[in-house]
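Okay, here's what each chain looks like letter by letter:
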Amino acid sequence: MQKSILGLLMIGLCLGVSANLPADAKKKAAGPDPAAQADAEVKKGLDPLNEQLTKLMIKVQSRALLSPEDAGTLADIKYKLMDIMDQYPQSAMLAKPVYQAGILLCEREEYSDAYELFNFLAQGFPTNPYGAKAKGQIQQLEKKFGPGYFAADVSAAAASPPGTAANPAAGAAAPAKK
């Protein structure tokens, strides 16, 4: 009796596993998901930058001045982020590191570069918490320097091709949410 029950359970288990095989085969035949591939590429590019940004944020928040080496690291991060922003302007994974880089650039008094990063977030990710924070930073910068100070930066962004880091929102679909 026990052997027949065990046998029936084994047959049921095999049938249950084989029922999923066609669905799995269809997924494999369709190929990899392009959105997942893009997210993986963005993550691969952002992981080392996130680590460096975290270290720099800790220094700034503890009121330590950035050394010349740290300033060089920040410049390198900015250019790498801008490359990723140009390639994947709608990736929500960009929000936090772009915001952190903008804060660090403000601390270094590189306000135009910070404004450009904050503008990317405010326009491309208006519903993201970092997009909202970026809007606040833009308002503070405009209050400090006057509303026309960054107008050249904004007009340059409007002249850039749609969907690029300089002009993320023009012609772009809503950013992907994670």
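Everything that follows concerns the structure shown earlier in this document.
Residues numbered from 1 in each chain as written. Predicted model: local features only at pLDDT ≥ 70, side-chain atom pairs only at ≥ 80, totals over all residues. Heavy atoms only, no water.

(A) A look at the environment of M57. Summarising the element assignment, M57 is placed in helix α2 (residues 34-61). What M57 contacts, discounting residues up to four positions off in sequence, is Q100, I103 and L104. (Helix = DSSP H or I, 4+ residues; strand = E, 2+ residues; numbered from the N terminus. Contact = heavy atoms within 4.5 Å.)

(B) Geometry of the nonpolar core. Formed by 37 residues in total, the largest nonpolar core has its most connected members in L81, M85, L94, V98, F118 and L121. Residue assignment for this core shows that the elements contributing at least two residues are α2, α3 (68-87), α4 (95-107), α5 (111-124) and α6 (129-145). (Core = buried A, V, L, I, M, F, W, Y, C linked by side-chain atoms within 4.5 Å. Buried < 20%, exposed > 50% of the residue type's maximum accessible area, 1.4 Å probe, protein only.)

(C) Examining the pattern of salt bridges more closely. Taken as a whole, this structure holds five salt bridges when the rule is applied. Residue D47 is joined to K43 by a salt bridge in which the shortest nitrogen-to-oxygen separation is 3.1 Å. Of this pair, D47 and K43 are both found in helix α2, four residues apart, which corresponds to roughly one turn of the helix. The class for K43 is partly exposed, based on a relative accessible area of 43%. (Salt bridge = Lys/Arg side-chain N within 4 Å of Asp/Glu carboxyl O.)

(D) Quick peek at α6. The first and last C-alpha atoms of α6 sit 25 Å apart over 17 residues, in line with the 24 Å expected at 1.5 Å per residue. In the core, the buried residues of α6 are packed alongside α4 and α5. Its side-chain oxygen placed 2.8 Å from the backbone nitrogen of Y130, N128 serves as the N-cap of α6. Trailing α6 by a residue or two, G146 shows a phi angle of about 95°, which is positive. (Expected span 1.5 Å × (residues − 1). Polar contact = N/O pair within 3.5 Å; in protein donor to acceptor, adjacent residues only side chain to side chain.)

(E) Representation of the packing of aromatic side chains in the model. Taken as a whole and judged by the stated rule, the model has eight aromatic pairs. Ring plane angle 55° and centroid distance 4.8 Å describe the contact between Y111 and F145, whose orientation is recorded as tilted. In this pair, Y111 sits in helix α5 while F145 sits in helix α6, placing the two residues 34 residues apart along the sequence. According to the relative accessible area criterion, Y111 is buried, its value standing at 15%. Taking relative accessible area as the criterion, F145 reaches 27% and is therefore assigned partly exposed. Each member of the aromatic cluster is reached from another via a ring pair, and the members are Y111, Y115, F145, Y149 and F150. (Phe/Tyr/Trp six-rings, centres within 6.5 Å; stacked < 30°, edge-to-face > 60°.)

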